[in-house]
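Residue-level structure breakdown
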Amino acid sequence: MKKPAIKSAELPLSSSTGRLSDRIYDHVLGQIAIGILPVNCRLPPENGLAELLGVSRPVVREALTRLRDDGLIASRQGAGWFVTRRPAANAFDFAPVSSIPDIQRCFVFRMAVEGDAAALAARNRDRQALRRIQQVLTKLDTMVAQGREGGLGVEEDLLFHRTIAEASGNRFFVETLASLREQIAIGVNLNRNLSLIQPRGRILRGQQEHRRVFEAIEAEDEEGARRAMRTHIENARKRIFEGG
């Protein structure tokens, strides 16, 4: 019997019970999907899980009930909750993507689109656009420095990428990212959630990659910006699906 593998994470939870349970559901689902909570792993008791994640026991119970209904966990009398399987396609019904492979495909698509957007940003950016990118980067630097107290940073991460698309001077890059916002947010949210429970170097690497993109744009290095953005998005995918 495997012992609980779930680790603590400071999640940006709202005061609504439904919203809280959604975040706990997403958090545990992500750990199961990536293998941090492998099949046959025993979850901590509800009280312990509630304390670990900083929520009430009813919130935890609601999230676990949903995971049970999805067939991902099951209770064994007198032994607690156990992971029964990793999520299949329908486990991500909460997301506007149909499967885990779809999340990976979204990363691949982003590499192509955002790589070219970054290259054009390096060519076309003006002083004002560069200042906006730097402001978002500085905000992310602050959040990373604060660790868990700084929050998850999903919105700031999305804003960093959107601001680069805006700096390209081509509205179709901006509109493409806007149309895919929900799909992109799923990958960003999962990645940053996992970063909170992994060694600190993981989130630092992601922020260093952001800075390399900015520096290439600042230097008007089109190929460098394209390469840095594509590398960043590919590494983000690997951090989720390959534990990189």
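Okay, so let's go over this structure. Only a predicted model underlies this, so the values are computations on that prediction, with no experimental measurement involved.

Moving on, we come to the packing of helix H6 (residues 154–167) against helix H9 (residues 201–218). With their axes 12 Å apart at the nearest point, H6 and H9 run at an angle of 20 degrees to one another. On the basis of their axis angle, the class for H6 and H9 is roughly parallel. The way H6 lies across H9 gives a crossing that is left-handed. Contacts between H6 and H9 involve Asp-157, Phe-160, His-161 and Ile-164 from the former and His-210, Val-213 and Ile-217 from the latter. Looking at side-chain class alone, the contact of H6 with H9 contains four nonpolar, two polar and one charged residues.

Checked against the element boundaries, Gly-48 lands in helix H2 (residues 46–53). Judged by relative accessible area, Gly-48 falls into the partly exposed class, the value being 31%.

All right, on to unusual backbone geometry then. In the Ramachandran plot, Asn-40 falls in the positive-phi region, its phi being about 80 degrees despite a non-glycine side chain. By the secondary structure assignment, Asn-40 is in the loop between helix H1 (17–34) and H2. Non-glycine residue Glu-220 carries a positive phi angle of around 60 degrees.

The next subject is the packing of H9 against helix H10 (residues 222–241). Closest axis-to-axis distance for the H9/H10 pair is 8 Å, and the angle between their directions is 165 degrees. The angle between the axes of H9 and H10 places the two elements in the roughly antiparallel class. Classified by chirality, the crossing of H10 by H9 is left-handed. Residues Arg-202, Arg-205, Gly-206, Glu-209, His-210, Arg-212, Val-213, Ala-216 and Ile-217 of H9 form the contact with H10, whose own contacting residues are Gly-224, Ala-225, Ala-228, Met-229, His-232, Asn-235, Arg-239 and Ile-240. Its residues assigned to classes, the contact of H9 with H10 comprises seven nonpolar, five polar and five charged.

The rules we used
Residues numbered from 1 in each chain as written. Predicted model: local features only at pLDDT ≥ 70, side-chain atom pairs only at ≥ 80, totals over all residues. Heavy atoms only, no water. Axes fitted to C-alpha atoms, helices over the stretch in contact; angles between N-to-C directions. Helix = DSSP H or I, 4+ residues; strand = E, 2+ residues; numbered from the N terminus. Parallel < 35°, antiparallel > 145°, perpendicular 65-115°, else oblique. Left-handed = near helix turned anticlockwise from the far one by under 90°. Contact = heavy atoms within 4.5 Å. Nonpolar A, V, L, I, M, F, W, Y, C, P; charged D, E, K, R; others polar. Buried < 20%, exposed > 50% of the residue type's maximum accessible area, 1.4 Å probe, protein only.

Shape descriptors only; they carry no functional weight alone.
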